[in-house]
Amino acid sequence: MVDMKFSKMAARLRRSEIRELLKLTRQPGTISFGGGLPDPVVFPKEAVEAASLRAIRERGDQALQYSPTEGEPFLKEEIAAYMQRTGDPARPEDILVVSSSQQALDLLARIFIDPGDPIIVERPTYVGTIQAFRAMDADFQGVDMDDEGIIPEQLEAKIAELVGAGRPPKFIYVIPDFQNPSGINLTLERRKQVLAIASKYNLPVIEDSPYRELRFTGELIPSLYSLDTEGRVILMKTLSKIFTPGFRIGWVVAPPAVIDKLVMAKQGADLCTSAYVSMITAFLFQDRKIEEQVVKCRDLYKRKNKVMLDVLEREMPKVHGLSWSKPDGGMFLWVRLPKYMDALELLHEAITEKVAYVIGKGFYADGSGGNELRLNYSYPTEEQIVIGIQRLARLITKRIKNGSSDHTDTGQSRPSVEEESSLRTAKG
Ligand code: PMP
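Residues numbered from 1 in each chain as written. Predicted model: local features only at pLDDT ≥ 70, side-chain atom pairs only at ≥ 80, totals over all residues. Heavy atoms only, no water.

Visitor: Where do I start with unusual backbone geometry in this structure?
Guide: It is generally the case that most residues other than glycine have a negative phi and that most peptide bonds are trans. A cis geometry characterises the amide bond from R123 onward to P124, with omega recorded as 0°. Residue placement: P124 occurs in the loop between β3 (118–123) and α6 (127–135). Of note, the bond from N180 into P181 is cis; its omega dihedral lies within 30 degrees of zero at 20°. Positionally, P181 belongs in the loop between β6 (172–174) and α8 (188–200). With phi around 70°, S100 is a residue other than glycine that occupies positive phi space. In this structure, S100 sits in helix α5 (residues 100–112). Overall, S100 belongs to the buried group, its relative accessible area being 1%. One non-glycine residue, N202, adopts positive backbone phi at about 50°. (Helix = DSSP H or I, 4+ residues; strand = E, 2+ residues; numbered from the N terminus. Buried < 20%, exposed > 50% of the residue type's maximum accessible area, 1.4 Å probe, protein only.)

Visitor: What is the right way to read the confidence of the model for the protein chain from this model?
Guide: Parts of the model with low pLDDT should not have their predicted coordinates read in detail. Residues with a pLDDT of 70 or more make up 93% of the protein chain, whose mean pLDDT is 92. In the predicted structure, residues 404–428 sits below a pLDDT of 50 and forms 39 contacts with residues beyond four places in sequence or in another chain. (pLDDT = per-residue confidence, 0-100. Contact = heavy atoms within 4.5 Å.)

Visitor: Please clarify how the site of the ligand should be interpreted in this entry.
Guide: Neighbouring the ligand are 13 residues; S101, D208, Y211, T238 and S240 lie closest to it. Side-chain polar atom of S101 to an oxygen atom of the ligand: 2.7 Å apart, as the coordinates give it. At a separation of 3.1 Å, a nitrogen atom of the ligand approaches a polar side-chain atom of K241. Here the ligand, which alone exposes 400 Å², has 93% of that area covered by the protein. A molecule is said to occupy a pocket when more than half its atoms come within 2 Å of that pocket's grid points, and by this definition the ligand occupies the largest pocket. (Near = heavy atom within 4 Å. Polar contact = N/O pair within 3.5 Å; in protein donor to acceptor, adjacent residues only side chain to side chain. Areas by Shrake-Rupley, 256 points an atom, 1.4 Å probe, with all protein chains shown as cover. 1 Å grid on protein atoms, 1.4 Å probe; cavity = no way out; pocket = protein on both sides within 12 Å on 5 of 7 lines; lining within 4 Å. Sits in = over half its atoms within 2 Å of the grid points.)

Visitor: When you look at the sheet that holds strand β5 (residues 149–150) in this model, what are you seeing that I'm missing?
Guide: Think of a sheet as strands paired side by side through backbone hydrogen bonds, with each pair either parallel or antiparallel. Strand order in this open sheet of eight strands is β2-β9-β8-β7-β6-β3-β4-β5, and the pairing throughout is mixed. Bordering the open sheet on either side are β2 (95–98) and β5, each of which pairs with just one other strand. Here six bridges tie β3 to strand β4 (residues 139–146), and the two strands are oriented parallel to one another. In the strand pairing of β4, R123 is matched with D144. Against the sheet, helix α4 (residues 73–85) touches β2, β8 (233–238) and β9 (250–253), its axis set at about 115° to β2. Taken strand by strand, α6 contacts β3, β4, β6 and β7 (205–208), and its axis lies near 155° from that of β4. (Pairing = 2+ DSSP bridges. Axes fitted to C-alpha atoms, helices over the stretch in contact; angles between N-to-C directions.)

See below:
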């Protein structure tokens, strides 16, 4: 056996517990609320077929060649035009095309994080972000959220504390639109406050926004990027949730100095994103096929979101400590179980009952969130949503009945601050 001398970075790498657990849920007959997958029913196969043919016939020499690391110029122009139409204007030279936003996370980690550097994230935050930033040995400094998103007072206190200790954070990372995992949307007031705090402490803000376009009701809230007047927001976008994850196309909009570093980091990673898929994407943008798809996804997920919320309301036991978010967009909602219930234990039981979800723990860099879980409603059919939630509700009800009298929450006691905020989340 060869004694492989792996790097310290390799020693830090962990398989995502969540993705490992998801494998268990792929049994025939199991209804999964686990992954963050779009519904293939709406995949725009004909439009993609037509654009693929055009990419080969009309731009074949470029499509089958390497492209500049910055991105295929035709695609960057079309992305800039799309951003103009969606209220986030950017110039092509401000854009770096990436192999979807997971690559953006990896590259951003490489250019910003030295081992031990503090960085600010929401609690909870996206599991893939934890994976990418952990590889660079980031020191995760989590800031709590309530039903309006990250709490500015806590954000400022945390930054002040770190600055006071001579360890200013490298950046603030937020997912303001229908956050993964919580489904929570950062309010306009809070967006302004986050920017003001970032400005006060002169910190970059990374805005990760895959779900923004998937808003079901109400007005679109301006992005942090569009509110920023100081060039401190780095915006990450992806086609994964609004078009197809199979393309692996995303982009970063950032000030020139950041783009320059990202380009160098990307050269070491993959030289360039697929020119062929970039060319197809450019035609699809040009023909407004991406926007057509956004409307289809939005309508479908809006219906599924309502089905899930209705069945939760109908089937879940009315017990203190059990609450869930009510998102106006995106793909997920977040459930808090009574404190004494363990989401992982419940999952093992759920899997035998052929229903699955993702445990909350993986979304906390500090390993908390043991009584929380994420439900996805974009992938299962409406019928599966109804049956799956009924199964889950039965299991939760059984656990409540089986809980010892010490633990069984009667709703008589005063909720803790954390529980109170989760209750507000459920109503918000
Ligand atoms: N950021 C967030 C917040 C996400 O939810 C996801 C996908 N689940 C990603 C980044 C990565 O997505 P992709 O690489 O497919 O663009």
